[in-house]
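# Working through the structure, step by step
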Amino acid sequence: MLLKITFTQQRRVRLAQGLWLMSWLAVMSGAFIFCLGVYLKTELLRRAEVMDNTEIHMVPNILMMVGLVSIGTNWVATRVCQDSLDASRFPRWKLLLMAWFAVAMLLCCLLLAVVVLSYALQGRLEESLKVGLRNGIRFYKDTDVPGRCFQKETIDRLQMEFRCCGNNNFKDWFEVQWVSNRYLDFTSKDVKDRIRSNVDGRYLLDGVPFSCCNPASPRPCLQYHLTDNSAHYSYDYQAEELNLYSRGCRQALTDYYMEMMNSTGPGVLSVILIQMSVLVSLRYLQTAVEGATALEDPEGESVGYLLEKGVKETFEDVKANVLDILKFAQVDPSAAEGSPGAEDAEKPADNTTEKAASPTPSPAS
Amino acid sequence: MAVGKVTFSKVEREKLAEVLWLLNWISVVTGTILFGLGLFLRVEIHKWQEVMSEQGILYVPDMLITTGLAACCINFFGGKICLDCADTNKFLRWKLVMMPYIICTFFFTSCVLAGALMCYGIRSQMEESLFMGLRNAMRYYKDTDTPGRCNLKRTVDLLQIQFQCCGNTGYRDWFHIQWISSRYLDMSSSAVVDRMRSNVEGKYLMDGVPFSCCSTFSPWPCIQHHLSTSSTQDKQSQQLNLWRRGCRQALLDHYTGIMQSIGLTVLLIWLFELLVLTGVRYLQTAMENVLRLGDPESESDGWILENSLAETARSNFNIIKNLGKCYQVDDDPNINVPTQVQVPVTSYFVPETRTKT
């Protein structure tokens, strides 16, 4: 027996009561996990326009599913606790409890997997943001193209809210034409020069949109001719730090989401602990109550344990059971060969008995 | 002729006491709500205090906070009293305290009403304060190197971005002030010097606005400068390019919305408190009448005022008048009256007066 504890009637009652309370606590924590998943999902969906793929959505999806299943599972545990001290009603839970333990273990494993995933998927999130932001910046000017007309507003709001500029930094805006041709005066010499100065015929300039401007700068915002020191009075391109936001939006968004997921880490770990303790306590309650019902005196002492045999033996047993079930499912060739042989062995015995019974020969079937 | 006379049997008195006990506890909760609302309003006003010129507006949330705390204390006390009032013996303990308690509660209930009315009445004062405050903030926008004003640029920029507004009344307010500091102006350039000489006060005025006036809803890149000298196409585009609303209007709407909903909640709380006060008054008068009748099991009357309103007012006025007279001595019959009883010469005891010869 693994980790056995002796339970008197008093202790069994206490265990049932404590477990009932803890199961309701576990139901609340299941609801908490579900709400956490919903919150994460809404936050990710809000910025879905600057994300290229939805791989990161795996984390909140698993959280929501685990939350719902956990609520149901722990509610079942409360019902089991209520019935555990009643000898007539407890036996009907016997079969279900095996399945319950399996489901509870699975939930704990899934929650652990979520914690691991939230770290592991950081790279994928960055990739997704990189591609999404690059597209957003490229289509910034296309406010008249259906399907892309909101990119400008999205990027502007994003830059102002997260206090960031461009993909890696503000220089990303220098490589893209972010002023639409509709607002360019093609008769102007300056415009024509700029368009002719690069291979693709795009209007590139060393300026950024207004949403990159930093309100904390002591100087009114300089948006255009950023690389030209002589274009502005008392301006040094290399030394100017506060004029625009220095952070890139990819970094800002990644930090934001990682911080959110890290702060949920302790919560998830404590829920795993609660679930594990419910599991262990329920196992003890089950074995103790079953032991008590097997005694002559149901009110007497009984032994509760985690596993009936040692770990290795239990594992062998489980393996044998699983293989049996699998064998049962196969159309067993060895059994099929065995049975015709058995039939043949029976047939001559039948024939002899029949021959003995009646003189008429019976054709061998 | 009593005002609002109702007869109470013993059972009804006990029921009334129980109900009042429960209502008093609910009032404690509403008192905390009042306190919370006052705190919330204070925090909201504090956020944008830099663009308000006077701090007198803070008396509204302070009033709500104090009345909220007072509500909690008074109703907690009242709950204890009402629970004891069900029993005539225990009521004797509180008999003397009841009247001052009711007067206190009446006074505090009128404070709650005053708080609610203030929430509605503060609008014009707030508009004045915002007008002056925003004008100053815009004037000191460029003074990012002056201690005490260095954060105003950031505050105004964040205000215009968050509330989607520009300037005091509109974007043209920026044309009348110099919002670019002289530190960033090239004084050797003729264009700059011309501009500064072109107006009386020597300020660098331009027809441009700060970047925070740019609208995110506009489909084209923001045009901030040369707003007056733009072509026809740009004039059309100006409609959406900058935020149309003035910040004074935006902030006023924001705060008026908050204060109207707070005012409505406070009015509802006031009605509830009035109900509790009326109940406590009925209970007090009913219990006093029971004691006067002498029989705890009998029915008694409860009322709001013993006599009609006019008589009560008159008697209270007389009491106040007589209170004032207690330090005057004119009416005292024992003073300044000459002694009328004279000791007679013929008395039973004749002193021997013999002259010595």
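This structure is a prediction, so every number in the text was calculated from the model and none was measured.

The secondary structure content of chain B amounts to 9 helices and 2 strands. Starting at the N terminus, the α and β elements of chain B follow one another as β-α-α-α-α-α-α-α-α-β-α. A separation threshold of at least 6 residues defines the contact pool for chain B, and within that pool the share at least 24 residues apart is 74%. Summed over its atoms, the accessible surface of chain B is roughly 20600 Å², and 62% of this surface lies on carbon and sulfur atoms.

This part covers the overall build of chain A. What chain A contains, in helices and strands, is 10 helices and 2 strands. Element order for chain A, N to C, with α for helix and β for strand: β-α-α-α-α-α-α-α-α-β-α-α. Compactness check: chain A gives a C-alpha radius of gyration of 36 Å against a globular reference of 21 Å for 365 residues, more than 25% above the reference. The C-alpha extent of chain A, read off along each of the three principal axes, is 120 × 70 × 35 Å. Each of the 365 residues in chain A was classed as buried or not, and the buried ones make up 41%. Partitioning the contacts of chain A with sequence separation of at least 6, the portion at a separation of at least 24 is 72%. As displayed, chain A has an accessible area near 20400 Å², and 61% of this comes from carbon and sulfur atoms. Across chain A, the mean location of the 37 positive side-chain charges is 6 Å away from that of the 43 negative side-chain charges.

If you walk through the whole model with that rule in mind, you get 21 aromatic pairs over all chains. Ring centres of Trp 100 of chain A and Phe 101 of chain A lie 5.7 Å apart, and the angle between their planes is 85°; on these two criteria the pair is classed as edge-to-face. One exposure class covers both Trp 100 of chain A and Phe 101 of chain A, and it is buried. Between the aromatic rings of Tyr 141 of chain B and Trp 179 of chain B, the centroid separation amounts to 6.3 Å while the plane-to-plane angle is 75°, which identifies the pairing as edge-to-face. Of this pair, Tyr 141 of chain B sits in the loop between α4 (123–139) and α5 (152–163) while Trp 179 of chain B sits in the loop between α5 and α6 (190–197), placing them 38 residues apart in sequence. For Tyr 141 of chain B, a relative accessible area of 2% translates into the label buried. Take Trp 179 of chain B: its relative accessible area is 4%, and that puts it in the buried class. Following the ring pairs from residue to residue traces out a cluster consisting of Tyr 140, Trp 173, Trp 178 and Tyr 224 of chain A. Here the guanidinium or amino end of Arg 149 of chain B rests over the ring plane of Tyr 140 of chain B, the centre of that ring lying 3.8 Å away.

Here the focus is the interface of chain B and chain A. With 25 residues of chain B at the interface, the matching set in chain A holds 23 residues. Here chain B and chain A share an interface that buries about 2100 Å² over both sides, 66% of which is from carbon and sulfur atoms. Three residues, Tyr 184, Phe 211 and Thr 216 of chain B, lead the burial of chain B against chain A; their summed loss comes to 30% of the area buried on that side. Joining chain B to chain A, the criterion identifies 5 residue pairs in polar contact (both at pLDDT 80 or more). Residue contributions to the side of chain B that touches chain A peak at 5 residues, all from α5 of chain B. Within the side of chain B that touches chain A, the residues separate by chemical class into 13 nonpolar, 7 polar and 5 charged.

Residues and elements named next belong to chain B. Together, Trp 21, Leu 22, Trp 25, Ile 26, Phe 76 and Leu 83 make up an exposed nonpolar region whose accessible area comes to about 570 Å². Put simply, the parts of the chain that give the nonpolar patch at least two residues each are α1 (10–47) and α2 (59–85). Sorting elements by how many residues they give to the nonpolar patch places α1 first, with 4 residues. Its place among the elements puts Leu 83 in helix α2. A residue is classified by how much of its surface remains accessible, and Leu 83, at 47% relative accessible area, is partly exposed.

What follows covers the nonpolar core. The biggest cluster of nonpolar side chains holds 141 residues, and the ones touching the most others in it are Trp 173 of chain A together with Trp 174 and Val 209 of chain B. Ranked by the residues each element gives to this core, the list is headed by helix α8 (residues 247–293) of chain B, at 18 residues. For this core, the domains that each give at least three residues are domain 1 (3–138 + 249–302) and domain 2 (139–228 + 240–247) of chain B. If we ignore the near neighbours within four places in the chain, the residues touching Val 209 of chain B are Cys 166, Tyr 171, Trp 174, Phe 175, Trp 179, Gln 224, His 225, Leu 227 and Leu 242 of chain B.

Residues and elements named next belong to chain A. On inspection of all chains with the given rule, the structure shows 6 disulfides over all chains. The residue that forms a disulfide with Cys 213 is Cys 221, at a sulfur-sulfur distance of 1.8 Å. The sign of the S-S torsion, about -80°, decides the handedness of the disulfide formed by Cys 213 and Cys 221: left-handed. On the basis of relative accessible area, Cys 213 is assigned to the buried category, the value being 2%.

Time to look at the UniProt feature "transmembrane region" (unreviewed entry) in chain B. According to UniProt, the feature "transmembrane region" (unreviewed entry) maps to residues 20–45, 57–78, 98–122 and 262–283 of chain B in the numbering used here. When the span residues 20–45 of chain B is considered, its composition is 100% helix and 0% strand, and the gap between its end C-alpha atoms is 37 Å.

UniProt annotation of "transmembrane region" (unreviewed entry) refers to residues 20–40, 61–77 and 97–121 of chain A when read in the numbering used here. For residues 61–77 of chain A, the end-to-end C-alpha separation is 24 Å, with 100% helix and 0% strand making up the annotated structure.

Here we take up the domain arrangement of chain B. All names here are of chain B. You can read the domains of chain B as domain 1 (3–138 + 249–302) and domain 2 (139–228 + 240–247). On a C-alpha basis, the centres of domain 1 and domain 2 stand 48 Å from each other. Contacts between domain 1 and domain 2 engage 14 residues on the former and 20 residues on the latter. Summed over both sides, the interface of domain 1 with domain 2 buries roughly 1600 Å², with 64% coming from carbon and sulfur. Taken as a group, Trp 48, Met 138 and Ala 250 account for 43% of the area that domain 1 buries against domain 2, more than any other trio of residues on that side. Where domain 1 meets domain 2, there are 1 salt bridge. Counting across the interface, domain 1 meets domain 2 through 15 residue pairs in polar contact (both at pLDDT 80 or more). Looking at which element gives the most residues to the side of domain 1 that touches domain 2, the answer is α4, with 6 residues. For the side of domain 1 that touches domain 2, the class distribution of residues is 8 nonpolar, 3 polar and 3 charged.

For the rest of this paragraph, the subject is the side chain of Arg 248 of chain B. With respect to the secondary-structure elements, Arg 248 of chain B resides in helix α8. Excluding anything up to four places from it in sequence, Arg 248 of chain B contacts Glu 127, Leu 130, Phe 131, Leu 134, Gly 167, Asn 168 and Thr 169 of chain B.

Here we take up the packing of α1 of chain B against α8 of chain B. Residues and elements named next belong to chain B. Two elements in contact, α1 and α8, have axes separated by 9 Å at closest approach and are oriented at 155°. Taken together, the axes of α1 and α8 are roughly antiparallel relative to one another. Crossing hand, α1 versus α8: left-handed. Its residues assigned to classes, the contact of α1 with α8 comprises 25 nonpolar, 6 polar and 3 charged.

A rise of 1.5 Å per residue sets the reference length of helix α7 (residues 249–263) of chain A, with its 15 residues, at 21 Å; its end C-alpha atoms lie 21 Å apart and thus fit the reference within 8%. Buried residues belonging to α7 of chain A abut α1 (9–46), α2 (58–84), α3 (94–120), α4 (122–138), α5 (151–162) and α8 (265–294) of chain A.

Cut-off values and rules
Residues numbered from 1 in each chain as written. Chains lettered and ligands numbered in written order. Predicted model: local features only at pLDDT ≥ 70, side-chain atom pairs only at ≥ 80, totals over all residues. Heavy atoms only, no water. Helix = DSSP H or I, 4+ residues; strand = E, 2+ residues; numbered from the N terminus. Contact = heavy atoms within 4.5 Å. Areas by Shrake-Rupley, 256 points an atom, 1.4 Å probe, with all protein chains shown as cover. Rg over C-alpha atoms; globule rule 2.2 N^0.38 Å. Buried < 20%, exposed > 50% of the residue type's maximum accessible area, 1.4 Å probe, protein only. Lys, Arg positive; Asp, Glu negative; His and termini not counted. Charge placed at Lys NZ, Arg CZ, Asp CG, Glu CD. Phe/Tyr/Trp six-rings, centres within 6.5 Å; stacked < 30°, edge-to-face > 60°. Lys NZ or Arg CZ within 6 Å of the ring centre and 35° of its normal. Buried area = accessible area lost by both parts, 1.4 Å probe. Polar contact = N/O pair within 3.5 Å; in protein donor to acceptor, adjacent residues only side chain to side chain. Nonpolar A, V, L, I, M, F, W, Y, C, P; charged D, E, K, R; others polar. Patch = residues over 30% accessible without salt bridge, like charges linked within 9 Å, V, L, I, M, F, W, Y side chains within 5 Å. Salt bridge = Lys/Arg side-chain N within 4 Å of Asp/Glu carboxyl O. Core = buried A, V, L, I, M, F, W, Y, C linked by side-chain atoms within 4.5 Å. Domains from an automatic or database assignment. Disulfide = S-S within 2.5 Å. UniProt positions renumbered as here; feature names shortened; annotations may be inferred. Axes fitted to C-alpha atoms, helices over the stretch in contact; angles between N-to-C directions. Parallel < 35°, antiparallel > 145°, perpendicular 65-115°, else oblique. Left-handed = near helix turned anticlockwise from the far one by under 90°. Expected span 1.5 Å × (residues − 1).

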